[in-house]
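A look at the structure
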Amino acid sequence: MSDNYLQPPKRSGAYGKQNEKPNKSGRVSKYKNSIRNSFAYAQGSFDVVLFMTVLALLTIGLVMLFSASYPYAYQHDGDSYYYFKRQLVFALAGVPIMLFVSKLNYKWLKVIRYPLYIVTILLLILVLFYHTDLGREEDFRRWIPLGPITVQPSDIAKFTVVLLMASYISRYHRKMNRLVYGVLIPAVLVGTFCLLIYAENHLSCTVLIFMIGIVMMFCGGTRVEWFIGGICLVAAVAFVIIKNPDILPGYQGDRIRAWIDKGFDPLGLRWQTNNSLYAIGSGGFFGVGLGNSKQKYLYVSEPQNDFIFSIVCEELGFLGAAIIIALFGLLFYRGVKIAQRCEDKFSTMLVIGIVSQIAVQTIFNILVVTDLFPNTGIALPFFSYGGTAILMLCFEMGIVLSISRNVNTKKA
């Protein structure tokens, strides 16, 4: 099928649609069609199951954020509601954004891909020189301060990579079985973002961007044998790093060492991970009850961020954690079903990129919290504190819902 993304609907008859009549001047009024019939707006109903799943994750995430954060917020900010109030504002703003974006025709995203790319690259460069950690010993360079809020460019970069890769694959999908188009060009595209984000001392997001690119290349048609070779290369590099963690600079190498040696620095680098495991273990099958966690009382440091899932496990137990994982699984499943029914490559790859980003990030977070992966500081979608992340997640879910409208319309 030809991807005529920006072509308006074809008109039939002498004056366009058969029900259109010329006005007194003999011309058809350009305002005859209502806004809801405009090409700029999506038609049909969206995927209700996906929408309700997102709302469920947002709601549970807000409840757990408050439960996990209030001791830390009171200790450090003097307000038990500090993180909850700020997250609630972003969530309440995110839902209308999601609904608005779901009504827009997703094909217009192709128009903004290059401006968005330029803005994202500029933000990733800016954060290296202007960030919230200026003057601190551990210079992470991840957040740009804007008055009372901060912006994390890497959260924007996740979507930018998905959009660029979807656009690229939709144009060159017939050539993805060639080395240049299937490996080299995507590697340069994704690698540019990886290098800039790695310069922020943000290893977890670097790995996440890399994995998003890998998933989209695989689904886009890159030959399997090249993936096998790439997996072998990555495994070899990982083996060398695990055996020689000093290869990585500063804290990164220390975190690898702390992951390998469970007795390494128990009051330092292993402190958060050890207390995360204590929280998970004490939760049992049914949990200790909502609000009754002990580890959130300054044992799991900053429990509102990367290790919030350990507090979930402690308070809601294995059963509650399994339900939350099932909700993430349902979101991914509905996304894949939508992608399978898309009629153009661009929308297919866009949905795959968005849902794979959430799936990979969720998997990595749980692996870190359970000590199956080095502590790299990766957030849990819809749960971990972060305004930019919540807004971008809602924006991305709005795009998937917009595409689902088109799919449902075609199906009908």
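Report on the accompanying structure.

Calculation rules
- Residues numbered from 1 in each chain as written.
- Predicted model: local features only at pLDDT ≥ 70, side-chain atom pairs only at ≥ 80, totals over all residues.
- Heavy atoms only, no water.
- Core = buried A, V, L, I, M, F, W, Y, C linked by side-chain atoms within 4.5 Å.
- Buried < 20%, exposed > 50% of the residue type's maximum accessible area, 1.4 Å probe, protein only.
- Helix = DSSP H or I, 4+ residues; strand = E, 2+ residues; numbered from the N terminus.
- Contact = heavy atoms within 4.5 Å.
- Bend = angle between axes of the 7 residues up to and from the residue.
- Axes fitted to C-alpha atoms, helices over the stretch in contact; angles between N-to-C directions.
- Parallel < 35°, antiparallel > 145°, perpendicular 65-115°, else oblique.
- Left-handed = near helix turned anticlockwise from the far one by under 90°.
- Nonpolar A, V, L, I, M, F, W, Y, C, P; charged D, E, K, R; others polar.
- Patch = residues over 30% accessible without salt bridge, like charges linked within 9 Å, V, L, I, M, F, W, Y side chains within 5 Å.
- Areas by Shrake-Rupley, 256 points an atom, 1.4 Å probe, with all protein chains shown as cover.
- Salt bridge = Lys/Arg side-chain N within 4 Å of Asp/Glu carboxyl O.

**A closer look at the nonpolar core**
- Counting 86 residues, the largest nonpolar core has L331, L350, F382, F383, M397 and I403 as its most contacted members.
- Considering every element that reaches this core, the biggest residue donor is helix α11 (residues 345-369), with 13 residues.
- M397 has contacts with V54, M98, L331, I354, I358 and F382, leaving out every residue within four places of it along the chain.

**A closer look at helix α5 (residues 179-198)**
- G191 marks the point of greatest bend in α5, at about 25 degrees.
- All buried positions along α5 are accounted for by G182, P186, V190, F193, C194, L196 and I197.
- For α5, the secondary structure elements touched by its buried residues are α3 (109-126), α4 (153-172) and α6 (203-220).

**Overview of the packing of helix α1 (residues 48-77) against helix α2 (residues 82-103)**
- Between α1 and α2, whose axes approach to 7 Å, the crossing angle comes to 160 degrees. Classified by the angle their axes make, α1 and α2 are roughly antiparallel. Classified by chirality, the crossing of α2 by α1 is right-handed. Contacts from F51, V54, L55, L58, L62, L65, F66, S69, Y72, A73 and D77 in α1 reach Y82, Y83, F84, Q87, L88, A91, V95, M98 and L99 in α2.
- Of the residues in the contact of α1 with α2, the class split is 17 nonpolar, two polar and one charged.

**Details of a nonpolar patch on the surface**
- A contiguous nonpolar patch, built from F285, F286, F318, L319 and I323 and spanning about 550 Å² of accessible area, is present on the exposed surface.
- Here F285 is to be found in the loop between α9 (271-283) and α10 (308-341).
- Assessed through its relative accessible area of 45%, F285 is described here as partly exposed.

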